[in-house]
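Structural features, examined
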Amino acid sequence: MITILAGGTGSVKLVRGLYKEFKNIAVISNVADNFWFYGLYICPDIDTIIYGLGNNLDKKKGWGVKGDSFNFLNYMKDIGEESWFGLGDRDLTTHIIRTKLLKEGKKLSEITDFFAKKYNIPIKIIPASNTHYETHIITKDKKEMHLQEFWIKYKGDIPISDIVYHNIEKAQITETAKKILQNSKIIVFAPGNPITSIGSILNIKSFNKALKSLKEKVVVISPFISNKAISGPTETYMKAKEIEPSAQGLVDFYSEYANEMVFSNKDEIGFREQISKNHQNINFHFTNILMDTPIKEKNFAKYIISNFYNK
Ligand code: FO1
């Protein structure tokens, strides 16, 4: 089995490729982007995986349901309610059902199983934790807000000084996640944001412990091409955590978790000159990591399978 640690729009491309090429996969999803909005519990990263694998994802945006309408949201706006978070009408059904099930006492992992079944997705999608915790942004003028508020409401346009995981001390790895990690032949860190998609999982104490004991299985996929993030606010968040926003910074950040790392062949020169010398215990691999078409998603999945699973 291949387990993928995933979060956000960058990760779903890798998950989709592996799902098509291999099937025997499990996904452990970031949950720190989850939040309550209009009294509904929203789990963007879990939903992106479920919609992505069920062929329901709006691929252009990278989130939400394809072809969705926004009547509900527009009416909220008309009556003067907050409308900065793009909840589509079809997408809304997921949040309403999930919130109802949560209120009936179901765990997030059980609810996620329910949706996977509903959308005919025959693999395990596991929330990194059943405990709610949130990634918060601390602005330079000392305000604290949820990641979604920072990125969507304020368009990421406020200077920031730090990122914290609010309530993470209460979060625990689930027994299912622990078992799946142990039973996997390889564990792939998807090319998600290292701070808010993958780092938010690594910072759960019990998760961190479990992963560090399985270091020889971990393969990290870079979210950078030519030292620039493929998408999203990766550099901003790395800087806020005082990590150099470059391939070098990524290697330093992930070096305690993995001995195998895959980077874009456009970043190879920097490695020859410097990075490999400082990290001689890590095997660096270089290939075309851009997955901007279904063919490239599949080709990259094949690359992972042949180089790390069937090696
Ligand atoms: N991202 C946006 O940039 N704007 C939105 O309005 C927005 C709405 C949204 C609704 C449901 C959902 O599952 C995801 C949504 N996202 C939106 C994506 C999401 O905020 C982030 O990309 C992820 O949390 C990053 O991992």
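Cut-offs used in this document
Residues numbered from 1 in each chain as written. Predicted model: local features only at pLDDT ≥ 70, side-chain atom pairs only at ≥ 80, totals over all residues. Heavy atoms only, no water. 1 Å grid on protein atoms, 1.4 Å probe; cavity = no way out; pocket = protein on both sides within 12 Å on 5 of 7 lines; lining within 4 Å. Points joined across faces, edges and corners; volume = space filled by probe spheres on them. Nonpolar A, V, L, I, M, F, W, Y, C, P; charged D, E, K, R; others polar. Helix = DSSP H or I, 4+ residues; strand = E, 2+ residues; numbered from the N terminus. Core = buried A, V, L, I, M, F, W, Y, C linked by side-chain atoms within 4.5 Å. Buried < 20%, exposed > 50% of the residue type's maximum accessible area, 1.4 Å probe, protein only. Contact = heavy atoms within 4.5 Å. Near = heavy atom within 4 Å. Polar contact = N/O pair within 3.5 Å; in protein donor to acceptor, adjacent residues only side chain to side chain. Areas by Shrake-Rupley, 256 points an atom, 1.4 Å probe, with all protein chains shown as cover. Sits in = over half its atoms within 2 Å of the grid points. Phe/Tyr/Trp six-rings, centres within 6.5 Å; stacked < 30°, edge-to-face > 60°. Lys NZ or Arg CZ within 6 Å of the ring centre and 35° of its normal. Axes fitted to C-alpha atoms, helices over the stretch in contact; angles between N-to-C directions. Left-handed = near helix turned anticlockwise from the far one by under 90°.

1. A word on empty space enclosed by the protein
- Applying the stated rule across the entire model yields one cavity of 30 Å³ or more.
- As a volume, the largest cavity reaches approximately 30 Å³.
- What lines the largest cavity is simply Lys-61, Trp-63, Gly-64, Val-65, Asp-68, Phe-70, Gly-86, Gly-88 and Asp-91.
- Grouping the constituent residues of the lining of the largest cavity by class yields three nonpolar, three polar and three charged.

2. Notes on the layout of surface pockets
- The space that makes up the largest pocket amounts to roughly 910 Å³.
- What lines the largest pocket is a set of 42 residues, among which Gly-8, Thr-9, Asp-45, Trp-63 and Trp-151 lie closest to the centre.
- Those elements giving two or more residues to the lining of the largest pocket turn out to be helix H1 (8–21), helix H2 (44–53), helix H4 (89–103), helix H6 (147–153), helix H8 (194–202) and helix H10 (234–240).
- Residues of the lining of the largest pocket, tallied by class, amount to 17 nonpolar, 18 polar and seven charged.

3. Section: the nonpolar core
- One finds Ile-2, Ile-4, Leu-5, Leu-14, Phe-189, Phe-207 and Ile-304 to be the most contacted residues of the largest nonpolar core, which totals 95 residues.
- Of the residues forming this core, the biggest block, seven residues, is contributed by helix H13 (residues 294–309).
- In this structure, Ile-304 is in contact with Leu-14, Leu-18, Ile-186, Val-188, Ile-221 and Tyr-309, ignoring residues within four places of it in sequence.
- Counting eight residues, the second largest nonpolar core, distinct from the first, contains Phe-35, Leu-40, Ile-42 and Phe-85.

4. Here we look at the site of the ligand
- With respect to spatial proximity, the complete set of residues near the ligand consists of Gly-8, Asp-33, Pro-44, Asp-45, Trp-63, Trp-84, Phe-85, Gly-86, Asp-91, Gln-148 and Ile-152.
- Here a nitrogen atom of the ligand and a side-chain polar atom of Trp-63 are 3.2 Å apart.
- For the ligand, whose unbound accessible area comes to 530 Å², protein coverage reaches 84%.
- Here the ligand is seated within the largest pocket.

5. Re the packing of aromatic side chains
- Per the counting criterion, the structure on display carries 22 aromatic pairs.
- Look at Phe-271 and Phe-286: their rings are 5.0 Å apart centre to centre, the planes differ by 70°, and that puts the pair in the edge-to-face class. Within this pair, whereas Phe-271 is found in helix H12 (residues 268–278), its partner Phe-286 is found in strand E14 (residues 283–287), the two being separated by 15 residues in sequence.
- Here the aromatic cluster, defined as three or more aromatic residues joined through ring pairs, consists of Phe-35, Phe-37, Tyr-38, Phe-72, Trp-84 and Phe-85.
- A cation over a ring is seen here: Lys-61 above Trp-63, with NZ or CZ 4.7 Å from the ring centre.
- Stacked on the ring of Tyr-309, the Lys or Arg Lys-185 has its end atom at 4.7 Å from the ring centre.

6. So, the environment of Ile-28
- By the secondary structure assignment, Ile-28 is in strand E2 (residues 25–29).
- A relative accessible area of 0% means that Ile-28 is categorised as buried.
- Setting aside residues no more than four positions away along its own chain, Ile-28 makes contact with Thr-3, Ile-4, Leu-5, Ala-6, Ile-126, Ala-128, Ala-177, Leu-181, Ile-201 and Phe-207.

7. Considerations on the packing of H1 against H2
- In contact at an axis separation of 9 Å, H1 and H2 are set at 35° when each is read in the N-to-C sense. Taken as a pair, H1 and H2 cross one another with a handedness that is right-handed. Note on element contacts: H2 touches H1 through Asp-45, Thr-48, Ile-49, Gly-52 and Leu-53, opposite Gly-8, Val-12, Val-15, Arg-16 and Tyr-19.
- Taken together, the residues of the contact of H1 with H2 break down into five nonpolar, three polar and two charged.

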